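Tertiary structure, described
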Amino acid sequence: MPLTHAEITTTLRAAGCVFAEDEATLLLETGSDDLDGLVARRVAGEPLEVIVGWAEFCGLRIEIDPGVFVPRRRTELLVREAARLVPRTAEPVVVLDLCCGSGALGVALAHLLGAVELYAADVEPAAVRCARRNVGAVGGHVFEGDLDQPLPASLRGRVQLLVANVPYVPTDAIALMPPEARLHEPRVTLDGGSDGLEVLRRVASVAPRWLVPGGHLLVETSEGQVPAAVEAFTGAGLVPRVVVDEDAGATVVVGTLR
């Protein structure tokens, strides 16, 4: 007999899943012949988004593969703020998504802005494969390599919005993260170095070569990291501004090229 919704809910709740009833619904909706196996994977701590193959982000279904960072709802603040910064014109907005993971940020901006020229890059091969499906569906291009290293030179000085969901967890704090992140997402997508800001500083330093004058860099960080992040932006020649959504627990630093 196939597992019932009530049975799955009970099993997931016993495993500590806060939204057990909703998760049971999503697992049933997969139509999998191995529902027992899917439930077992979730009980073992595998992210639900990886099990069902997608994550909801900005009202969209973003495909997610094993070994790919799952976009967080709090990061929707970054996307909303980025979309607010550019005027609506007939010309496509040039968007660059670094550390793109699944490509969720760029794809969401494509839907919000209507017309974009979208580029994305990630160092993780699994993320690049996943992003090429998501980003390709909106006509974008994905490159594999370290930060901006693989980008075409023709993009320099043309980017209006540079978004980067950089890893910002301090190395020593990785062990304190929930198991579904700590054990099932690539460490490179979480580990921001000794103070959590190593990748952010690198992104800030390269941003001016890609941005148009008046273009914007947006990154997510933690509240406690804001002073150091602002200092990094200022040192790179960007005019910083901080946006906070306390309800979502989200903090975004915006840097505008002079």
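The structure this text deals with has already been given above.
In what follows, the accompanying structure is described.

Basis of the calculations
Along each chain, the written sequence defines residue order, and numbers are assigned to residues from 1. Where local features are concerned, this predicted model is filtered to residues with pLDDT of at least 70; where side-chain atom pairs are given and counted, the filter is 80 or more; whole-chain, interface and lining totals use all residues. Side-chain numbers come from the whole structure's heavy atoms, not from hydrogens or water. Strands are runs of DSSP state E lasting at least 2 residues, helices are runs of H or I lasting at least 4, and numbering of each runs from the N terminus. Our radius of gyration looks at C-alpha atoms and nothing else; its globule reference is 2.2 Å times the residue count to the power 0.38. Buried, partly exposed and exposed residues are distinguished by accessible area as a fraction of the type maximum, computed with a 1.4 Å probe on protein chains only: under 20%, between the cut-offs, and over 50%, respectively. We call two residues contacting when some pair of their heavy atoms lies within 4.5 Å. Areas reported as accessible are Shrake-Rupley estimates using a 1.4 Å probe. Residue values count occlusion only from the protein chains shown. His is not counted, nor are the chain ends, whereas Lys and Arg count as positive and Asp and Glu as negative. In this description, the location of a charge corresponds to atom NZ of lysine, CZ of arginine, CG of aspartate or CD of glutamate. Two aromatic rings from Phe, Tyr or Trp, using only the six-membered ring of Trp, form a pair when their centres are within 6.5 Å; if the ring planes differ by under 30 degrees the pair is stacked, by over 60 it is edge-to-face, and anything between is tilted. Two conditions define a charge sitting above a ring: the NZ of Lys or the CZ of Arg must be within 6 Å of the ring centre, and it must be within 35 degrees of the ring normal. Throughout this description, a polar contact denotes any pair of N or O atoms lying within 3.5 Å of each other; where both atoms belong to protein, one of them has to be capable of donating a hydrogen while the other can accept it, and for residues adjacent in sequence the pair is counted only when both atoms sit in side chains.

Concerning the overall build of the protein
A count of helical and extended segments in the protein gives 10 helices and 9 strands. In terms of overall dimensions, the protein is globule-like: its C-alpha atoms have a radius of gyration of 19 Å, near the 18 Å expected for 258 residues. By its C-alpha atoms, the protein is 65 × 40 × 30 Å across when sized along the principal axes. Looking at the protein residue by residue over its 258 residues, the buried ones come to 52%. Looking at the protein alone, contacts between residues at least 24 apart form 61% of all its contacts between residues at least 6 apart. As displayed, the protein offers around 11800 Å² of accessible surface, 53% of which is attributable to carbon and sulfur atoms. Both charge centroids of the protein, one from 22 positive and one from 35 negative side chains, sit 6 Å from each other.

Description of unusual backbone geometry
Even without glycine at this site, C58 takes up a positive phi of about 55°. Looking at where C58 falls in the secondary structure, it is placed in the loop between β1 (54-57) and β2 (60-63). Relative accessible area serves as the criterion here: at 26%, C58 is assigned to the partly exposed category. Within the chain, L147 stands out as a residue other than glycine whose phi angle is a positive 50°. Looking at the secondary structure, you find L147 in the loop between β5 (141-144) and β6 (159-164). Overall, the relative accessible area of 8% leaves L147 in the buried class.

Structural notes on the packing of aromatic side chains
Counted by the stated rule, this structure contains 0 aromatic pairs. Between R61 and the ring centre of W54, over which it is positioned, the NZ or CZ distance is 3.7 Å. When the ring centre of W210 is taken as reference, the NZ or CZ atom of R156 above it lies at 5.3 Å.

Some words on the side chain of T221
Mapping T221 onto the fold places it in strand β7 (residues 211-221). Separated by 2.7 Å, the side chains of T221 and Q225 make a polar contact. Sequence-distant contacts of T221, that is, excluding residues within four places in its chain, are made with Y168, L197, L200, V226, T251 and V253.

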